Amino acid sequence: MASRTFFNVLFVFGSFFAGLCFAEDPLVTYEFVVSYITASPLGVPQQVIAINRKFPGPVINVTTNNNVIINVRNKLDEGLLMTWSGIQQRKSSWQDGVLGTNCPIPPKWNWTYQFQVKDQVGSFYYFPSTNFQRASGGFGGFIVNNRDVIPIPFDTPYEDIVILIGDWYTSNHTALRRTLNGGKELGMPDGVLINGKGPYRYNTTIVPDGIDHETIEVQPGKTYRVRVHNVGVSTSLNFRIQNHNLLLAETEGSYTVQQNYTSLDIHVGQSYSFLVTMDQNASTDYYIVASARFVNRTEWQRVTGVGILHYTNSKGKADGPLPDAPNDEFDKTYSMNQARTIRWNVTASGARPNPQGSFRYGSINVTELYVLKNTAPVTINGKHRTTLSGISFVNPATPIRLADKYKVKGVYKLNFPTRPLTGPPIMETSVINGTFRGFMEIILQNNDTKMQSYHLDGYAFFVVGMDYGEWTDNSRGTYNKWDGIARSTTQVFPGAWTAILVSLDNVGVWNLRSENLDSWHLGQETYIRVVNPEATNKTELPMPDNALFCGALAKMQKPQDISSATLILGSGFGRFLNVMVVVMCALIRVLH
């Protein structure tokens, strides 16, 4: 019986690999073991979430059009979903890794994500999307390289450098979650991490001894592509490298007009890549700094991330004060004006051999308008909640996409209002009804006193305008209809609005959310449901064979498969697949 099972497994995999051998797009595999470890990023031992015992997790490095397989083993004590921020999973929200589309991976289970990074390039990251887990780690960089036949609009950099910045608390995500659920604010974070490490001891009074800091070693005279991601909880950060120019080249999959910055504000969830030439005197090392924005600088001085840029021929340690952040604590316009300078490079090719700007978004007629208003947290039914347009989103027990597939009624309401509710706020699973191939205008109005950033899964949208005050129809006169940047996460300043345009060409159920974890956790999100009305729907990939079931469909879930095949896959999935591809392809070619 065992030998028959073994040969059946070989037959299945043989058929699978035969397809891969003759497929046009390569396969890339990763295995993620997600578990708790003890670390002390700010000098205090605490529980963090690691991937393969690393914090942060490994960088995923692929090329556009690659087929990506990531086997995730959940060794946490609660459900887990991994989401791929900014990765536009064409035709398949089944792999999106958020509660509206996927059931959580139970503890001690494996689940395998399978998707194609289709027609995009750039700098992205991944993180756990449920239970406030990102506040404890589990994140890492995600690079999508261009194919060789598609040129990049700059000379090839010497190397990539991935930098993850973010505010950090010494309490773990479960304690922070309890604080929010209890109606309290999280308060000032305990620090800012750079690549999972605390600040360099640039000041012996502010920074205690015994904290490990990040050191990045570089070759003098070389130009590097520095990919920076704000993976924090809720703090906007200003990023700078002492005495070095940051030549902005790309953000979240779009090449930008190349401009030099001495520093750039990077809001929660945003990603940028800079070209940095190591052209300074190597008499000393240089500071890498990520400091909080829009706060009292004196009170927040200790909440600063500091790393070291070390030339291989450096003659001494970094010394002296940190390079200054923008001095505009009471100037509302500086950061917004800086954001407006980030524009699309309409002459550069993206993932295809045609200019990014060949998609002339400014000449397309808008078919749907949604004004989404955020206000300060409210109390609904005795619970501390956040809202969008007066609705605090309630995640359903049965994911929306799964409910659609099996026609489960009453899971959600397709009634999200086009304008904010005028009555009392409510808690509801209310979803936006998007029209397939429509062109949607979304106004993000922030009437809170805190900076917010918003992300849309499955899409890159065009950021066409932002300003202070209330948006009106007349505000369209200020829109950038030519080279507004295309990205997946945008900031919305307090007391201001941001306008985005979205071409709804990707069928599925896609999460629109605040990237600030506290706002997201308390209900500031919704979903855009995009359905192809044609009877033969070839615009969406089918539900994967390994889909998990929960909620009203929980009885359909089979026990975790512990067959010999699963044990093989679970113990070394990536290595096993790569070896098998090589062996099977060689055998198939010989037989042919």
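What you see is a predicted model, and the numbers here were worked out from it, not measured in a lab. (Residues numbered from 1 in each chain as written. Predicted model: local features only at pLDDT ≥ 70, side-chain atom pairs only at ≥ 80, totals over all residues. Heavy atoms only, no water.)

Enquirer: Looking at this structure, I do not really get the overall build of the protein chain. What am I missing?
Expert: Secondary structure summary: the protein chain contains six helices and 33 strands in total. Over its C-alpha atoms the protein chain spans a radius of gyration of 24 Å, differing by no more than 12% from the 25 Å that the globule rule assigns to 592 residues. Viewed in the frame of its principal axes, the protein chain has a C-alpha envelope of about 70 × 60 × 50 Å. Per-residue burial over the protein chain gives 58% buried out of 592 residues. (Helix = DSSP H or I, 4+ residues; strand = E, 2+ residues; numbered from the N terminus. Rg over C-alpha atoms; globule rule 2.2 N^0.38 Å. Buried < 20%, exposed > 50% of the residue type's maximum accessible area, 1.4 Å probe, protein only.)

Enquirer: Would you mind going over the sheet that holds strand β29 (residues 486-487) with me for this structure?
Expert: Two pairing modes exist for strands in a sheet, parallel and antiparallel, and in both the strands are linked by backbone hydrogen bonds. Pairing is mixed across the open sheet formed by five strands, whose spatial order is β20-β26-β31-β28-β29. The strands lining the two open edges of the sheet, one partner per strand, are β20 (368-374) and β29. For β20 and strand β26 (residues 439-446), the ladder comprises seven bridges, and the chain directions are parallel. Residue Val371 lies in a different strand from β26, and its bridge partner there is Ile443. In the packing of helix α3 (residues 333-340) onto the sheet, contacts are made with β28 (461-468) and β31 (496-503), and the angle to β28 comes to roughly 155°. (Pairing = 2+ DSSP bridges. Contact = heavy atoms within 4.5 Å. Axes fitted to C-alpha atoms, helices over the stretch in contact; angles between N-to-C directions.)

Enquirer: How do you make sense of the pattern of salt bridges when you look at a structure like this?
Expert: Scanning the model with the defined rule gives 23 salt bridges in all. With its nearest N and O atoms 3.0 Å apart, the salt bridge here joins Arg401 to Glu540. In this pair, Arg401 is assigned in helix α4 (residues 400-405) and Glu540 in the loop between β33 (525-531) and α6 (564-591), connecting sequence segments 139 residues apart. Residues Asp473 and Arg476 are paired through a salt bridge, measuring 3.5 Å at the closest nitrogen-oxygen approach. (Salt bridge = Lys/Arg side-chain N within 4 Å of Asp/Glu carboxyl O.)

Enquirer: Any chance you could explain the side chain of Thr489 here in plain terms?
Expert: Among the secondary structure elements, Thr489 is positioned in strand β30 (residues 489-492). With relative accessibility at 0%, the residue Thr489 sits in the buried group. When sequence neighbours within four positions are dropped, the list of residues in contact with Thr489 reads Glu252, Val268, Gly269, Gln270, Ser453, Tyr454, His455, Phe461 and Glu515.

Enquirer: How should unusual backbone geometry be read in this particular structure?
Expert: In terms of backbone geometry, most residues other than glycine have negative phi values and most peptide bonds are trans. With an omega of -5°, the peptide bond between Phe55 and Pro56 qualifies as cis. Residue position: Pro56 is located in the loop between β2 (46-51) and β3 (60-63). Phi is positive for Lys108, which is not a glycine, with a value near 70°. Among the structural elements, Lys108 can be located in the loop between β5 (82-85) and β6 (110-116).

Enquirer: Explain the environment of Ser283 to me, please; I cannot follow it from the model alone.
Expert: Here Ser283 shows up in the loop between β17 (271-277) and β18 (286-292). Residues Ser283 and Gly316 lie 33 residues apart in sequence; the distance between their C-alpha atoms is 6.1 Å. Setting aside chain neighbours within four positions, we find Ser283 in contact with Lys315 and Gly316.

Enquirer: Honestly, the state of the cysteines in this entry has me stumped. Any pointers?
Expert: Chemically, a disulfide is nothing more than a covalent bond linking the sulfur atoms of two cysteines. All chains considered together, the criterion is met by one disulfide. At a sulfur-sulfur separation of 2.1 Å, the disulfide partner of Cys103 is Cys550. Negative torsions about the S-S bond denote left-handed disulfides, and the value of about -85° found for Cys103 with Cys550 makes this one left-handed. Highlighted residues: Cys103 in the loop between β5 and β6 and Cys550 in the loop between β33 and α6, separated in sequence by 447 residues. In this structure, Cys103 and Cys550 share a single accessibility class: buried. (Disulfide = S-S within 2.5 Å.)

Enquirer: Would you explain α3 in this entry?
Expert: The set of residues buried in α3 consists of Ser335, Met336, Gln338 and Ala339. Relative to the axis of α3, the buried residues are bounded by an arc of 155° and lie together on one face. (Arc of directions from axis to C-beta.)

Enquirer: Explain the nonpolar core to me, please; I cannot follow it from the model alone.
Expert: In globular proteins that are soluble, nonpolar side chains generally tend to be buried together. Counting 78 residues, the largest nonpolar core has Ile163, Ile165, Phe239, Phe274, Leu309 and Ile442 as the members making the most contacts within it. In terms of residue count, β31 provides more of this core than any other element does, six residues in total. Every residue in contact with Phe274, bar those within four places of it in the chain, is listed here: Tyr224, Arg225, Val226, Val228, Phe239, Leu246, Leu247, Leu248, Ala249 and Leu264. Counting residues in each nonpolar core, the second largest holds 37 residues, with Tyr30, Tyr36, Ile49 and Cys550 among its members. (Core = buried A, V, L, I, M, F, W, Y, C linked by side-chain atoms within 4.5 Å.)

Enquirer: Please clarify how the pairing of β18 should be interpreted in this entry.
Expert: The side chains of a regular strand alternate, first on one face of the sheet and then on the other. Counting buried positions over the seven residues of β18 gives seven, a clear majority of the element. Of the two faces of β18, the one holding Tyr286, Ile288, Ala290 and Ala292 and the one holding Tyr287, Val289 and Ser291 are both buried throughout. As paired elements, strand β13 (residues 237-241) and β18 share five bridges and run antiparallel to each other. Bridge assignment links Leu237 to a residue of β18, and that residue is Ala292. One ladder, built from six bridges, connects β18 with strand β19 (residues 304-311); its direction is antiparallel. Among the inter-strand pairings, Tyr287 is bridged to a residue of β19, identified as Ile308.

Enquirer: Which parts of the structure should I look at to understand the sheet that holds β30?
Expert: Strand order in the open sheet formed by five strands is β25-β33-β32-β27-β30, with mixed pairing between adjacent strands. Each edge of the open sheet carries a strand with a single partner, namely β25 (432-435) and β30. Each neighbouring strand pair of the sheet contributes to a mean axis angle of 25°, computed without reference to strand direction. As paired strands, strand β27 (residues 452-456) and β30 are joined by four bridges and run antiparallel to one another. Within the sheet, the bridge partner assigned to His455 lies in β30 and is Thr489.

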